[in-house]
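Architecture and fold: a report
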Amino acid sequence: MPLCPMRQMLEEARKGGYGVGAYNVNNMEQIQAILAAAKETRSPVIIQASRGALEYTNLVYLKHLMAAAEEDNPLLPIVLHLDHGPNLALCKEAIAIGFTSVMIDGSIDYDKKTPEGKHPARSFEDNIRVTREVVRYAHARGVSVEGELGTLGGIEDDTHADEVLLTDPDEVEEFCKKTGVDALALAIGTSHGAYKFKHEPVLAMDLVSECRKRAPDTNFVMHGSSSVPKELVDEVNKYGGKLPGAMGVPIASIQEAVKRGIQKINVDTDGRLVVTAAIRKVFAEKPGEFDPRKYLGPARDALAKLIASKMRSFGTAGHAGDYKPKTLADMKAFYASRK
Ligand SMILES: [Zn+2]
C-alpha cells in the first residue's frame, strides 16, 4: 500500500467522527513503536518529522526507515508529514523524498538571522503569500498542506512563542479561501512542550465550532496536545530525572475538541517522557547494563503502549481498514479539477 495523502486520512476521520494522532519521530525505535501501536489497534496513523528531526536523522536515513515501515505494514494507511516546515525549500526537500504532506508554518518568519527562539511573527498577508506558494507547489504533486494561523505557545524545536494568541475565525475563513490548505493548525489555547500550564488549561472549544462552520472544507489540527500525565513525570523523577511538575491537555478536552471539528492531534512531549522514563528505569535498576538494545528495547515497548492508548482514546482504533489510500497521482488530478 502506498503512503496515504493526509487530506484523505483527515477527511475520513471527519466522516467517521474521530481524531488521528500525529506522532513525532527521530529514529528507528520511535517509528517501530508507532507502527506497532497502529498495527495492534488497527489505526490509520500520521508519522511526522520536524526540521530538527530531518537534521538529526539525515534525510536519506529517514526516507529508508519510512520505506521499511511501509513495507512492513502493508495493511495500514500511513501519512508521512513534515511538521513546522519553515519555508518552501524544506517543503520541496521533504516532497522529493516521498512525504505525502507538509506543514508550512507561515505564522513565523524563520528566515531572518535572528537569535534562536526570537523569530518574529509574520503578518497575516505574508502568511497567506508564503502558504499559497507551498500549496501551489505541493498540490501540483498531489501532496497535502497544513498551514498555521495565530501563535502557539511553548517550545517545539526552535518554535518559541511566549504569548498564546487565539485564532481569529474571520482570519480562518479568509486564510482557507485564499490559500486552499488541506489542514490548518488552530491556536485554541494549547502550548508546545512539557511545561505547558500551571493549571489545567481551558481550551477555546466554541472557537473550534465556529471555525468548523466558517471553513467547512478544511481539516483542523491541534498542536501541543500531549497530556503530560503526572505518573509519567513522577516516573522520570523517581529514576533520577529533574522535571518540574507540569500539566498538559486532558484527554477529555481532546475528545471534546474532536467532536467539535479537530481531526489531527499532534503529540510529541508524552512520547519523549515515556522513552526517558523507560531508559532511566533500566539505568537505575541495572547499572551494569551496557547493551543499548536492553534500554532502547524497553523504551520502544513503553512508547508503543502509550501510543496504542492514545489511538484508542482519540477514536482512531479500528479504522485502518475503512478505506484504501489514494495515490499522489489521484490527488494531483483532484486538485487540478478543483481549480
Ligand atoms: Zn506544533
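Below: a short report on this structure. (Residues numbered from 1 in each chain as written. Predicted model: local features only at pLDDT ≥ 70, side-chain atom pairs only at ≥ 80, totals over all residues. Heavy atoms only, no water.)

1. Quick notes on the layout of surface pockets
- Size it by volume and the second largest pocket reaches roughly 270 Å³.
- Taken together, 13 residues form the lining of the second largest pocket, with E235, A278, K281, P298 and A302 sitting closest to its centre.
- For the lining of the second largest pocket, the element with the most residues is helix α11 (residues 269-285), which contributes 6 residues.
- When the residues that make up the lining of the second largest pocket are grouped by side-chain class, the tally is 7 nonpolar, no polar and 6 charged. (1 Å grid on protein atoms, 1.4 Å probe; cavity = no way out; pocket = protein on both sides within 12 Å on 5 of 7 lines; lining within 4 Å. Points joined across faces, edges and corners; volume = space filled by probe spheres on them. Helix = DSSP H or I, 4+ residues; strand = E, 2+ residues; numbered from the N terminus. Nonpolar A, V, L, I, M, F, W, Y, C, P; charged D, E, K, R; others polar.)

2. Some remarks on empty space enclosed by the protein
- Applying the stated rule across the entire model yields 2 cavities of 30 Å³ or more.
- Estimated volume of the largest cavity: approximately 70 Å³.
- Contributing to the lining of the largest cavity are Y23, N24, Q30, I34, V267, D268, G271, R272, L303 and I307.
- Sorting the residues of the lining of the largest cavity by element identifies β1 (20-24), α2 (28-41), α11 and α12 (292-314) as the ones contributing at least two each.
- Across the lining of the largest cavity, the residue classes break down as 5 nonpolar, 3 polar and 2 charged.

3. Here's the deal with unusual backbone geometry
- Look at N58: it is not a glycine, yet its phi comes out positive at around 75°.
- In this structure, N58 sits in the loop between α3 (51-57) and α4 (59-72).
- Phi is positive for V228, close to 45°, though the residue is something other than glycine.
- Residue placement: V228 occurs in the loop between β10 (219-222) and α9 (230-238).
- By relative accessible area, which is 3% here, V228 ends up buried. (Buried < 20%, exposed > 50% of the residue type's maximum accessible area, 1.4 Å probe, protein only.)

4. Describing the sheet that holds β1
- Read once around its circumference, the closed barrel built from 8 strands follows the order β1-β2-β3-β4-β5-β8-β10-β11, with strand pairing classed as parallel. Geometrically, the sheet is characterised by an average inter-axis angle of 25° between neighbouring strands, direction not taken into account.
- Those strands touched by helix α10 (residues 251-260) are β10 and β11 (262-267), and its axis lies near 150° from that of β11. (Pairing = 2+ DSSP bridges. Axes fitted to C-alpha atoms, helices over the stretch in contact; angles between N-to-C directions. Contact = heavy atoms within 4.5 Å.)

5. Some remarks on α9
- Residues of α9 that are buried include every one of L232, V233 and V236, and no others. Looking straight down α9, one finds that the buried residues subtend no more than 100° of arc, so they occupy a single side. Residues of α9 that are exposed and point over 90 degrees away from its buried face: K230, E231 and K238.
- For α9, the elements touching its buried residues are α11 and α12. (Arc of directions from axis to C-beta.)

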